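Structural overview
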Amino acid sequence: MATEPAAAEATVPSLVDRYFTRWYKADVKGKPCEDHCILQHSNRICVITLAESHPVLQSGKIIKSISYQISTNCSRLQNKVSGKFKRGAQFLTELAPLCKIYCSDGEEYTVSSCVRGRLMEVNENILHKPSILQEKPSTEGYIAVVLPKFEESKSITEGLLTQKQYEEVLVKRTNATTATS
């Protein structure tokens, strides 16, 4: 009897798994292994995160800083959204950069939107504590929240991989690296 609750707890899906569908973009902008994960809620909101296989999460890198300053004239922190129609939100394309991650080894990674839509918010908490990006990438360490246009909400997943397709890509990568070694 004492083991029954423990068995039930092990099968309970997480909040993210329960309410979001995971979509993946592999090798963003042609950069190997720089994969992003898009968590799509049933209300069509998309949360942009790093995929589990991203180099920042894999190789034990130390994040020095994160910047939402994309260019001299564009900062994602300046995004101010208001009202029912989300006035003032910056419009993003699939390849629009969201932030830059700087690591202590000199590596720099640019995180892209991967979906077209309006930028609702950026996660300012990762600016003050970059380690949560590595510790909890799907929850507190998210990058940004994007709201696709209603008309495009069904088509935004075109060009993105499902969880199963993404796992197949990872297996192919692993096989390719072991074959070359």
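What counts, and at which threshold
Residues numbered from 1 in each chain as written. Predicted model: local features only at pLDDT ≥ 70, side-chain atom pairs only at ≥ 80, totals over all residues. Heavy atoms only, no water. UniProt positions renumbered as here; feature names shortened; annotations may be inferred. Pairing = 2+ DSSP bridges. Helix = DSSP H or I, 4+ residues; strand = E, 2+ residues; numbered from the N terminus. Buried < 20%, exposed > 50% of the residue type's maximum accessible area, 1.4 Å probe, protein only. Contact = heavy atoms within 4.5 Å. Phe/Tyr/Trp six-rings, centres within 6.5 Å; stacked < 30°, edge-to-face > 60°. Core = buried A, V, L, I, M, F, W, Y, C linked by side-chain atoms within 4.5 Å.

Under the annotation held in an unreviewed UniProt entry, the chain carries the name Protein Abitram and is attributed to Enhydra lutris kenyoni. UniProt lists a comment for the chain under the heading Sequence similarities (unreviewed entry), and it reads "Belongs to the ABITRAM family."

A few words now on the sheet that holds strand β1 (residues 20-25). Strand pairing in a sheet is mediated by backbone hydrogen bonds. Such pairs are either parallel or antiparallel. Taken in spatial order, the six strands of this open sheet run β1-β2-β3-β9-β8-β5, and their pairing is antiparallel. Of all the strands in the sheet, just β1 and β5 (91-92) have a single pairing partner and so form its edges. Two strands pair when backbone bridges link them, and β1 and strand β2 (residues 36-41) are joined in this way by six bridges, in the antiparallel orientation. Following the sheet pairing, Thr21 is matched in β2 by Gln40.

As for its placement among the helices and strands, Met120 is situated in strand β8 (residues 117-122). For Met120, a relative accessible area of 16% gives the class buried. Once residues lying within four places of it in the same chain are set aside, the contact partners of Met120 are Asn79, Val81, Lys86, Ala89, Val145, Val146 and Leu147.

Moving on, we come to the packing of aromatic side chains. By the definition in use, this model includes one aromatic pair. Relative to Tyr166, the ring of Tyr24 has its centre 4.0 Å away and its plane inclined at 5 degrees; by these criteria the two rings are stacked. Note that Tyr24 is positioned in strand β1 and Tyr166 in helix α6 (residues 163-180), a separation of 142 residues in sequence. Since its relative accessible area comes to 0%, Tyr24 is described here as buried. With relative accessibility at 1%, the residue Tyr166 sits in the buried group.

Turning next to the pairing of strand β3 (residues 46-50). In terms of burial, β3 is a largely internal element, five of the five residues being buried. In this sheet, β3 lies alongside β2 in antiparallel orientation, the contact comprising five bridges. Counterpart to Leu39 in the pairing with β3 is Val47. Counting the residues in the hairpin turn of β2 and β3 gives four residues, including Arg44, whose phi is positive at 80 degrees. Where β3 lies against strand β9 (residues 144-147), three bridges are found, and the strand directions are antiparallel. When the sheet's bridge partners are listed, Ile48 is paired in β9 with Ala144.

Attention now goes to the nonpolar core. One finds Ile38, Ile101, Val115, Leu133 and Ile143 to be the most contacted residues of the largest nonpolar core, which totals 31 residues. Listing elements by their share of this core, those giving two or more residues are β3, α3 (55-58), β4 (63-67), β6 (97-103), β7 (108-112), β8, α5 (131-135) and β9. Excluding residues within four positions of it along the chain, Ile38 makes contact with Thr21, Arg22, Trp23, Lys25, Cys46, Val47, Ile48, Cys114, Val115 and Leu160. The next biggest cluster of nonpolar side chains, apart from the first, holds 12 residues, and it includes Tyr24, Cys37, Ala51 and Val145.

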